[in-house]
Every structure is written in structure tokens, then in C-alpha cells.
Amino acid sequence: MMRLPYFRYLAPRTVREAAEMLAANPRDAMLVAGGTDVLPNMKRRQQVPGTLVGLRQVAELKGITNGDGLCIGAGLTLTELVGYLKIPGPYAALRQAAVQVATPHLRNVGTLGGNLCLDTRCNYYDQNYEWRKAIDFCMKKDGKTCWVATSSPKCLAVSSTDTAPALLALGATITLVSAEKTRAMALADLYRNDGIHYLTRQPTEVLTAIDVPRLDGWRSTYWKLRRRGSFDFPVLSVAAALKLAPDGSVEAARIVLGAVASQPIEASAAAASLVGERLTDEAIARAGELAAVPARPMDNTDFTLAWRKHVTRDFVTYALRELRGDDMSKLRLSVARQLV
Amino acid sequence: MTEQAHITLKVNNEPVEVSFAPYKTLLEVLREDLNLCGTKHGCELGECGACAVLLDDLPVLSCLVLAVECDGRRVTTIEGLVTDGRLHPLQEAFADLGAAQCGYCTPGFLITAKALLDEHSHPTRDQIREALAGNLCRCTGYQQIFEAVEAAIQSGAAGVEVERGPRSAGQEEA
Amino acid sequence: MNDTKLHLIGKPRRRVDGRAKVTGQTKFADDIMLPRMLHCKLLRSSVPHARIVRIDATRALAHPGVHLALTGKDFKVPYGILPVSQDEYPLEPTHVRFVGDPVAAVIARDELTAFEALDLIEVEYEPLRTFSTPEESLEHEDPRIHEYGNQGNIHKAVSLGFGDVEKAFAGADEVFEDTFFYQGNTHLAIEQHAAVAAKDPDGKLVLWSSTQVPHYVHRALARALEMRAAHIRVVAMPNGGGFGGKCDPFNHEIVVCKAALLLDRPVKICLTREEVFYCHRGRHPVLMRFKTGVKRDGTITGVHLKTVLDGGAYGSYGVVSTFYTGALQTLTYHIPTYKFEGCRVFTNKPPCGPKRGHGTPQGRFGQEVQLDKIAEKLAIDPAELRLRIVEKPDTLTANYLQVSTTGLAECIRRVVAASDWRNRFRKLPRGRGLGLACSSYMSGAGLPIYYNEMPHSGVQLKLDRSGGVAAFCGATEIGQGSDDVLVGCVAEILGIDPMDIRSVTGDTDLTPVDLGSYSSRVTLMMGNAAIQAAERAREFLAEGVSRKLEVPKGRLVFAERRVFDAEDPAKGVSFSEAVCLAEAIFGTLGTTGSYTPPKAVARFKGSGAGPSPTYSYSAAVVEVEVNASTGWIQVTRVWIAHDIGRALNPTLARGQVEGSVYMGLGEALMEEQEFRRLPKRLSHALVHKFPSILEYKSPTALDMPEVITELVEHPDPSGPFGAKEVGQGPLLPVMPAVANAVYDAIGVRIDEVPITPEKIIKALEAKAAGKPARYGPAHFPDVPWPETLQVPPPWEGGDGKAINAPPRPSKELARKSHAPEVVQS
């Protein structure tokens, strides 16, 4: 059986306590919420924090309100979030993303904050200690080379969060709290295109809340590519949100791709191409082509990178057609195996 | 050796105190320190579903639950499905209808199916499939598992639940 | 025996171990917790191919909590499943052959301590050239991965000719040549291998292990530990899934035994999932070239099959696997001339071995896909074509396999009807398609792993005056229901309830030898042994009852826990009374039964793989939807009919069929044992690409389509109550049926598995560019085939012997390999 290494466990009751604990152990402390990301990583010795600061008992992270926009505590589990978004309205992308994370069991403990901060993934990195030793380790942990592209100066591990693309398409902002200060920022600013330093969050900060603005007149959706109907991380995802004018033309659009780089990628040109247009087949096809351009999948996930690139435009068109009002349920069933 | 951790929790409706090496997950404590070996493991990384247990009535993977986080909580394992000497209708149906072949993934499936039936009185086949999507089985091809869950519903499994919540707490004190 | 006489057999019934399994009480190897038990971890090679220059475990031994460290020098004798490939050491002393090859062991107070201490073992390696593909291994003779085998890194090359295929091709109207590739994949039983060893109170060794083959592990332990076999007890715990992955004796089993003997404390090991991938013994990746001659009406004139197997780093069952890629090809359709050439090479990867269908799915895939192409070219419906050429019952095939009963034609008709094939094949809209394929499989290997004349399965019964019966057999419950077969057969014959019977299985101290749960042999062989033992017991009981009731023995009926007069059912005694009566006459009651398969007709070298008492047959139709833009494939439904002879317990039989379909779909669509070689200028690494359950993709509850199963039951004279195998055969038609359905849906051939969206897109692109509308291998490597052993088929007056047999190896050599070669000479 794979075993965790020894660690010290701290159980703060408040965000402030948690932040102080992090501040007191800036080098070796990590937060653990649901544990579905950090614990496997610890068992594989990818992450070996000396101290775990458990957020389970921090009640203030578990709130959710829907008044002037959606305000979600980072400690809400994905199951709770999906349950809350029974009638998601403009936030459909978030529900779609959350309900497709991993498996029911993992969603029962995995939190929204945890999914947003999910460690980047790579076939050369998400391996046991013994395996990584056999390749003399990699840049992200204990080694020097990025084996995905050996001349790469930076780590190419893949952003594999489902909820981030969805929340980015919805224009979310987040709150980070440290012992010194509280800061709010656009969710987009949380991410960096670097497999190692993929978050701008400081190790001493706690992600506490996610705010999604009121989105009157918007509609959104999320499409995920993975081999199987459950368990698998996305190897391509498309989140799209549109605001439609009464005449059916697009007033505003955001398209975000997941799992094609070390951070979620905004397909800004594709989104811009839709503004002022009706969602005709041609406009959708053009947006699909444009969206595929910034997608740079690498050979470090399931499926071949060429094919993942190839189907990017298909997935973008699925999302846009769905937002147009096409019945995509059969295709969604076939691709996502989503039954209910 | 580092100091042992110590927690008090309720396992299958019985209060339990246990000391264990502090790095252990709930899975390890159940199997190695509480001798409840009915909970299995196939990866210890959250990738197979074999170690599912109910934690405060929700199906979770015990291989990814820190045991130190279980103080004061309620755990139901496969050993807790039998009540008053009788198998749970899900267990009867699984045994009768071929839903258990090697039996290794079975506890995880049963625990997960129980949570589903506690929540929904009459889930559809699709809801059953969704609920069991986090449990891998390599023997059956799942079909006889789905059928067994449906048969258990027919025999009145939904709502037939192991005592839970405050009611059982009261009983323990009595 | 006619149906009306059966009370239990043939009726759906809760399996005897059902309650244990649904209550979590079935004890698997890792569930054994013993006082003072220590924990073992293995240090595995981190390099793919190297000499060990130095290994030093001193620091590990000094680590607090560590009790023992072992290295290669602690073991003197190699072992292996086949007498001809005794090529593994419990811990490799000098030469590591793949990343994952065990070199040292640490035994400590707990698993974490043992794991931490592994890092303190110093190993210095001198790298050797690494072989990652069969082509590389065929190209370079040096360095040799093993010092034995045909030549260089060729483990085994064989060439068998049954009649003149060249003449057959010349006489054909059309000759088809196709190259196929079948990717390797693994069993992925959810239970990881585990073993506990201890000295029993008498000082003898006990091993509890998740093994499918306690008898072979027993032999391997005696050999590798240089101990008396009588002082070793191997207990096969119920396996949490096997599928062939627990059919070899493994390093870790021998290591914990050694440690338990040295420390006189129980020692446990439970492998991590990654280590299970290194144990492997899964499906061989096989490259195949099929050349088939046909007449215009579809009649086959001859088949020439060539296979190259990527064997990985050790022999395992490889010699047998090699023969199996060709041996069973002749069972489904009538093939008057047949030439088979097979070659297994060593590479620096985990060893391949027997996975469900052992060597057969690969060739089955090629033949069934090629038949689909042939049918199209000849403008014959593929189902019709197959019906024309199915092998007839009571036939000796070109390679001397004895077909007794076959329900293949009925299987085809059933799936054709159920799937509405005639109205839908080639008539569905683009993007949807149907595919059909067939197969046949052994009901138990006709020969044991090591040559001997003893029974393959033995059953002992102990009858108690309480009315209880204990049934003892060495067979192993791996989920397939072998305990249920044992109890079911005995209960049926003695007319008692399964609950009245205690089964004791898979224990080399307590149970008579059964060779193990592999080759679909248990139902037929153990079942027959159980029937014999039970009939002998019935004989004793009948004598007692007959004397007491003064009714002729022949009139006595054993049913409903009674023994009574068929002509006057009220006149009878209870079963327990019957036991008392018999015990009073004969003394303590015990009987035995055993089963030995009939001698094979074939007498040529290599004929050991293939013979079986009888063969099962299956046909499947698969329906798919394929997206032309993305290549995304969804299997929407599977119809399968399986000729099982008789289903002893239809609930379990159906489970075996559906489980086979499930595993077949995994192989067809997603499962692959893939490896990654880092750029050679930077690294020697050759690693398993993703030794995890997450990245080795196996279908989930959401990915599994509906399966419609039909059991075709015409009792086979050699099977217990007429039963044939069901555990492996139904997997075989699934992969080619998927490939054929993809072609029907979208018009491109995917000539390899897994069939993935990427490959479909590539084939569609090839088609659009005017190239052949296919994806698959183009080349077949040059192999130095040996001289073909010529065996004239039966219809050419052959007697099963080769007419150009090379001289037999001297007795000296034969003894050196401990026993005659497995493949009977």
C-alpha cells in the first residue's frame, strides 16, 4: 500500500488562524482541503510538506450566496456546489465543469478552491517516486530537464482544472487572504503559463472566496474531453459564455480553453470574432478555427497532442452550438457520457 | 517513532477510540488498527473506488481521508451494512444476481449504492450508473451490478437504512 | 444425464461464496494480519538493462526499524513457470532486464519504514544496450537479454506446416495479405498482489498468496528455496481478480518466504499498483501477417500466419504464448492447409504472459478482420460467409485439434437475429455501423505446464454423519466461481443443498492437486473430478440405503437431502441417515475423484499447445457510432452468443460472458501497456508510460454499453453435466467485431487495437489523400525462421507426426531443464 510520509497536522478554525499557521511555516506548510490532489501527490512524494494545514473545520469557507452575483466559499465541495446550482441559469458552465470533475466520491470531498489550485499535471510528473527516479526526475520535482520538450526552459505540465476555465468564462474574481493582507483579483490573474509556478498565490495565502458577477442575459456551457465518462482529468476543455442581444446577435463573448497549456487559455480572437454576429454555422465554424490557434497541447497527457489540437475546433463548435440553442444532448452523451 | 495520533469516532454506529501512526489515512486505520478489513484498496490514490466508505453518510474514498480528520465523525463500512443480523437488501441482491464475482470491488460498490438509495427512493438506471461511476470493476462489466441495485430497490431497499444521525447517537447513550 | 433429473445444475442460484463477498468477509491475502508480522518492500531496478556492479544494503539494514535486507546473493537457484524458462531470480544478482526488476528487499516493522529504507540501498549499474521493440531485438544479437533461447534476443521461433499452403494459394481465386498489430495490455485486477509468509508452529513454511496457481508456486518455492516441498504449504487466498495476472510464481512470494524463514516472524508484502504493472504477464503485443487463399464462394484454401511477439524481459509462459498465437486459428473455420510461424523476442520491458485468452485474441483479431475484408471483396454477407465455412463437429483440424461439439453456427444465427443484422448491416446511416466476429477457445489445456502422467485435477470428499460434506480441491477461487462449481457438482450428485457442503480449496497441505485457475480448465476438469468423487460417495451411500430399505441400488434417488426409492418416494432415509448407514458398513467415508484429459492426437514438437478436451464457441455483433470529424467512437450495444455446452449456474455464466465483453471492449478501445523511451542522447530510460489505474484506461460504469447475452446449450459429452468453458472465449470476438463495425460505420479499416479516435482520423485522412483507407502496420520484420516442421493434415493421410522431425535433444539436456519441454515433443 502506498503510504503518506510523516507530516504535522494543524487544524485551524478560522481563515485568520490558517493564514497565521502558513505564515509561521512559510517553507514547509501546505493547505489541505478535500485532499484529493495533495494527498496522492504526497503518496507519490511529488509534494512533501512537513506541515499540513487542514481547512476542514474553517466554517467561513463553506458559504454560498446568490444575490448580486454568486459568492462561493472556496471550501465548498464540488458536490455541494453542483447541488446548489440545480437551476444554474447563466452559471451553467460552472455546474457542467463541477459535475464532471473526477468521480462522485472525489467530488464529495474535493473543494472548489482545491480544484482551482489543482497542481499542474504531466505524465512525467504524476508518477511514483520509483518511476521518477528511473527517468532521473524532471524539472518540476527533483530534476533538471522537462522531458516533455527537453530544450524547454520551463516546465510544461498541464493545467487540468475543470472549474477554472468555466469560472474564467464567467468573469470570476477571487479573494486571497494572508496573515498580512486580503487581496481580491481577477481569477485570470491567479494563473501563469508555467508548470511549476502556475499560481500567483503566495504559499502563505489562503484562497477564500470566488465571486461571479451577475450575468443577466448571459448563457454559458462547458465541454470536456477525456477518455472515459469519469475519473479522468480533462485533456481539452472548452468553456464559453455569451451575452446575446434580443436580435440574437452576440453582444459579448468569452471562450476559455483548458488543458492545452500550463494555465487556462483565453481564446480572445475567437470570442471577438463573434461579437456583433449572429451564431450562424459560419460564425461558429470561424470561431472554432480561431479558438484552436492558441491551443498548444503537449505530449504529456492522454491522447496524442495532434489529435487534441485537431478536435479543439470541434469542441468549440459544440459549445457555441449549444449556446445557440441546438439540442446537443446526444452528442454530449456520446462525448461526456453525462447521463443525468 | 513519532507519537501516535488518537481519535474518537463512530464506526458502524459504535463509538471507537483508536491510536495510530499519524500519517495514516482512514483506510489504513480501518484495516490495520480497527481490523475492519472489509474495506479494500486497489491504488491508494483515488483512482479505483475500492476503498469507498460512508463518512458522515457521504461516500468517500478512505484512501484519501486523513485519519486525523475523522475525530468525532461517523463512518460506515461494509461491516456495518448488516443490521439485526440481516443482510441489507443490496447485499442480498448482489449475492443473488452475480453482482459480486471476485468480490474485491464489491464493498466499495455496496457502500456507494447504499448512499444512493438512502438519498433517492427510486433512482433510474442512469442515476445508478452515475452514482457508481467512481467504482471500477474488472470482473462483471457492471450490468449485473446495475441489475442488483434495481432488484434491491424492488425489494424495498430504498429508505431501509442503517440507523444514522442523532437517533443512533441517542441509542448509544442509552 | 437428462435435464429433468437435475435439481441444481442449470438453475440460476446464489453462488456459494456470495454471502462472504457481499459482507466483506472474503479474506484476501492482504487481509491477513498476524501477530509480530513484519512488512517487506522490494527495491526495483531503476534502469532498463544493466549489469549490477555493486549492491550494498548496509545502510538500509542500519535504519531504525529494519529487521532484514536481502539481495541477489541470498538466492542461488532460478525459477520460472515453465521448465524451459527457469530464468528468474527472486532478487536479480547480476543482470537487470527492465525498470521494475527486483534487486533487493527490506523487511521492517512497518511498510513506511521499509519504503524509506529502500532509498538507502546503494546500487551501481553498468548500463547495457536497451531493447525497446522487437525490431531492435531482432536486429542486434548482443548483448543478449538472456543466455538461452533460439539465438541473440530471439526467445523462441517456431515454424509449423500442415499441408502445402503455397499450392493452396495457387489454387485459390483470391489471395489476401494483411498485416495487423495487437497492442499489449494488462489484467488490472483491482486487488494488488499480496503475500504473507510465516513459519508454522511445527517450523514448516506457509505462504498465503493471491495466486491462481498454488501448485506451481509450491513447486517454485521448493526449487528456489532448496527446500523439501513437503515442508512448504501454499494457500491460495481468493483472488481479487486474476485474469491470468497471478499465474506465475512471483519474486515477492519467494522473498517473503525467505525472510520469514530467516526471521521466524510472519512477513507480508502487498505490491503497489505500479509494481503490479511491473509483474505484468499480460497480453503480448503481436505483429501479424495473415495470408489467406479463398475460393469465390468463400471457402478457405489455406492460411499462412506469421506472428512476432514482444515478450518483455523474461520467459514466463512465453513459449506457450508463442504457439497460442497460431494454435487455435483452425478451430472456428475449416482451414485445409495451414502454416504458422511465430517468434517471441526479449525486450527490456516487464514480461508478458497469459492474459484472458492467452495468445489467441491477437490472431483472432487478424483473422476476423481479414474475413470481413474477404467477405466484402467476394460480395458475400460476412455472417453468411462464416456460416458457410464454420468448422464441423467431430472434426480433427489441420493441426490435429479435436473438435467435438460446436455451436458456432447457432451462435452466429442468434446474434444475427438479435441484432437485426440482415436489415441493418451496410444499411445504417454514415457514422453508425455493425460488425460481426467469431471465436473458439479451449476448455482447459490438454497438457500440464510440466510433463507428467498424473491427473490435472483431484477432488476429495469427506462425508460426515451430521449430513455435512467437505469437498477438497486445489482449485483457486479467483472470482470466476470455482468454489461454486465444486459445491454445485457435488450437491447435485448427492442430492443435498450447497449449504451442506464446505469447500476447502487452493491449499497444498489440505487439498489434492489441481493445476490452477488458468486456461479455462477448472469447470471442466475439477467439475469432472468432483462428479467422480461424488458418484463414488453415492455408491457407498446407496449400498447402505439399499440394504436397509431393501431397494435395489439402481432405483435409489438422491434429492432434497434424502435418499429414496424412485418407485415409492415416501420410502427413504435422510441424507445424514444414509451416511450413518454407509459408515457403519464401510467405516469412515471418504472418496476421491480425479480428471486427466484425453491424450492428444498430435505427436509433433509444438503440439502441446492447443489440445483440449473440448472447445467453446462464440459470436458477437457490435454496434458503434463514429464521429467523422473527431473520430470519437462509442460502442452502443453488443450482442453475444456463447456455446457453453451447459451453464452450470446461468447467473455466473452470464457474468463471465459480460465480463469478457467488458474486458474485450477495454482492449478494443482504450487499454494499452505503453512504454516511453527518453531521448537516447540524454538518457537510458525506458519506462512504462503510465503504471497507474488512472492513466491505464479501463472502462467505467458510464462507458459500458448494453450487452445482450445468449447462452447456447448443447451439452458436451466431455464436460461436467455437458459444460464447456465460458471465462475466456467470449472476450475473443469483441475486438474484431468493433473493428468491423467501425468499418461499416465510416469506411476505414483500423488494423490494430486499441482502436482510437486518433487512428480513425488518420485513416480518414489517408483515405481523403487517395491512400489505402486504413490505419495499421505496413511492414513485417525479417525473422530467421527455423526449418518448417512438416505435419501432413489428417486428410492427407497424416498421423499427427512430423515427417521431417529434427533429432530430439539428448536426455542429458532434457534433465538439465528439470523436466521435459512443456510443449510436448
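Residues numbered from 1 in each chain as written. Chains lettered and ligands numbered in written order. Predicted model: local features only at pLDDT ≥ 70, side-chain atom pairs only at ≥ 80, totals over all residues. Heavy atoms only, no water.

Attention now moves to the interface of chain C and chain B. Each partner contributes to the interface: chain C provides 54 residues, whereas chain B provides 48 residues. Carbon and sulfur atoms supply 55% of the area that chain C and chain B bury against each other, a total of about 4,100 Å² over both sides. When residues of chain C are sorted by the area they lose upon contact with chain B, C:Arg14, C:Val22 and C:Ile190 head the list and together hold 18% of the total. Counting the contacts that link chain C with chain B gives seven salt bridges. For B:Arg31, the salt bridge identified is with C:Asp31, shortest N-O distance 2.8 Å. Along the contact surface separating chain C from chain B lie 30 residue pairs in polar contact (both at pLDDT 80 or more). For the side of chain C that touches chain B, the elements supplying multiple residues, two or more each, are α1 (18–22), α17 (650–669) and β30 (706–712) of chain C. A total of eight residues in the side of chain C that touches chain B trace back to one element, the largest contributor, which is α17(C). Within the side of chain C that touches chain B, the residues separate by chemical class into 19 nonpolar, 18 polar and 17 charged. (Contact = heavy atoms within 4.5 Å. Buried area = accessible area lost by both parts, 1.4 Å probe. Salt bridge = Lys/Arg side-chain N within 4 Å of Asp/Glu carboxyl O. Polar contact = N/O pair within 3.5 Å; in protein donor to acceptor, adjacent residues only side chain to side chain. Helix = DSSP H or I, 4+ residues; strand = E, 2+ residues; numbered from the N terminus. Nonpolar A, V, L, I, M, F, W, Y, C, P; charged D, E, K, R; others polar.)

In regular strands, side chains alternate between the two faces of the sheet. Residue and element names in this part refer to chain A. Relative to strand β5 (residues 69–73), strand β4 (residues 64–67) runs antiparallel, the two being bridged by four bridges. Residue pairing for β5: Asn66 is matched across the bridge by Leu70. Between β4 and β5, which pair antiparallel one after the other, the connecting turn spans one residue. (Pairing = 2+ DSSP bridges.)

This part covers the confidence of the model for chain B. Residue and element names in this part refer to chain B. Residues of chain B with pLDDT of at least 70 account for 89%, and the chain-wide mean is 91. pLDDT under 50 marks residues 160–174. Its contacts with residues more than four places away, or in other chains, come to 22 contacts. For this predicted complex, the interface score ipTM comes out at 0.97, while the overall pTM is 0.96. (pLDDT = per-residue confidence, 0-100.)

Moving on, we come to the sheet that holds strand β24 (residues 568–574) of chain C. Residues and elements named next belong to chain C. One open sheet holds the three strands; their spatial order is β22-β23-β24, and the pairing between them is antiparallel. Because the sheet does not close on itself, it has two edges, and the strands there are β22 (556–559) and β24. If you compare each strand with its neighbour and ignore which way they point, the axes differ by 30° on average. Bridge analysis of strand β23 (residues 562–565) against β24 gives four bridges, and the strand direction is antiparallel. Bridge pairing in β24 places Arg562 opposite Ser574. Here helix α16 (residues 575–586) sits on the sheet and contacts β23 and β24; the angle it forms with β24, its principal contact strand, is near 65°. (Axes fitted to C-alpha atoms, helices over the stretch in contact; angles between N-to-C directions.)

Within this structure, the stated rule accounts for 23 aromatic pairs over all chains. Between A:Phe303 and C:Trp632, the ring centres sit 6.3 Å apart and the planes meet at 50°, which makes this aromatic pair tilted. Taken together, the positions of A:Phe303 in the loop between α10 (281–292) and α11 (305–310) and C:Trp632 in the loop between β26 (615–626) and β27 (633–643) put the pair across two chains. By relative accessible area, C:Trp632 is classed as buried at 6%. For the ring pair B:Tyr104 and C:Phe28, a centre distance of 4.9 Å and an interplane angle of 85° mean the geometry is edge-to-face. Within this pair, whereas B:Tyr104 is found in the loop between α2 (89–96) and α3 (106–119), its partner C:Phe28 is found in the loop between α1 and β1 (38–44), the two belonging to separate chains. As far as the burial class goes, B:Tyr104 and C:Phe28 line up, both buried. Of the aromatic side chains, those joined through ring pairs into one cluster are B:Phe109, B:Tyr142, B:Phe146 and C:Tyr662. Of note, A:Arg332 hangs over the ring of A:Trp223, and the distance from its end group to the ring centre comes to 4.3 Å. Positioned above the aromatic ring of C:Tyr518, the side-chain terminus of C:Arg521 is 5.8 Å from the ring centre. (Phe/Tyr/Trp six-rings, centres within 6.5 Å; stacked < 30°, edge-to-face > 60°. Buried < 20%, exposed > 50% of the residue type's maximum accessible area, 1.4 Å probe, protein only. Lys NZ or Arg CZ within 6 Å of the ring centre and 35° of its normal.)

A separate point is the interface of chain A and chain B. Listed per partner, the contact involves 32 residues of chain A and 38 residues of chain B. When the two sides are added together, the surface that chain A and chain B hide from each other amounts to roughly 3,000 Å², 64% of it contributed by carbon and sulfur. In terms of surface lost to chain B, no three residues of chain A exceed A:Met1, A:Tyr6 and A:His105, which account for 24% of the buried area on that side. On inspection of chain A and its partner chain B, the count reaches three salt bridges.

Looking now at unusual backbone geometry. Following C:Asp142, the chain continues into C:Pro143 via a peptide bond in cis, with omega recorded as -10°. Going from C:Val753 to C:Pro754, the amide bond is cis rather than trans, its omega being -5°. Assignment of secondary structure puts C:Pro754 in the loop between β32 (752–753) and α19 (757–768). The phi torsion at B:Asn12 lies on the positive side, around 50°, for a residue other than glycine.

Before going further, it helps to spend a moment on the domain arrangement of chain B. All names here are of chain B. In terms of domain boundaries, chain B breaks down into domain 1 (5–80) and domain 2 (89–154). The gap between the C-alpha centroids of domain 1 and domain 2 is 21 Å. Taken together, the contact pairs 15 residues of domain 1 with twelve residues of domain 2. A buried area of about 1,100 Å², summed over both sides, lies between domain 1 and domain 2, and 69% of it is on carbon and sulfur atoms. (Domains from an automatic or database assignment.)

Among the structural elements, C:Asp703 can be located in the loop between β29 (686–688) and β30. The exposure class assigned to C:Asp703 is buried, which follows from its relative accessible area of 13%. A polar side-chain atom of C:Asp703 sits 2.9 Å from a polar atom in the side chain of A:Arg337. When residues no more than four places from it in sequence are discounted, the contact partners of C:Asp703 are A:Arg228, A:Gly229, A:Arg337 and B:Arg129.

Time to look at helix α4 (residues 92–99) of chain A. Taken across its eight residues, α4(A) has seven buried, putting it largely inside the fold. Against the buried residues of α4(A) lie β5, α3 (78–84), α5 (104–109), α8 (163–169), β9 (218–225) and α13 (329–336) of chain A.

Let's shift gears to the packing of helix α10 (residues 360–378) of chain C against helix α18 (residues 734–746) of chain C. Residues and elements named next belong to chain C. α18 packs onto α10 with a crossing angle of 30° between their chain directions and a minimal axis gap of 8 Å. Considering their axes alone, α10 and α18 lie roughly parallel with respect to each other. In this structure, the crossing between α10 and α18 has a hand that is right-handed. Contacts from Pro361, Arg364, Phe365, Glu368, Val369, Asp372 and Glu376 in α10 reach Met735, Pro736, Ala739, Asn740 and Tyr743 in α18. (Parallel < 35°, antiparallel > 145°, perpendicular 65-115°, else oblique. Left-handed = near helix turned anticlockwise from the far one by under 90°.)

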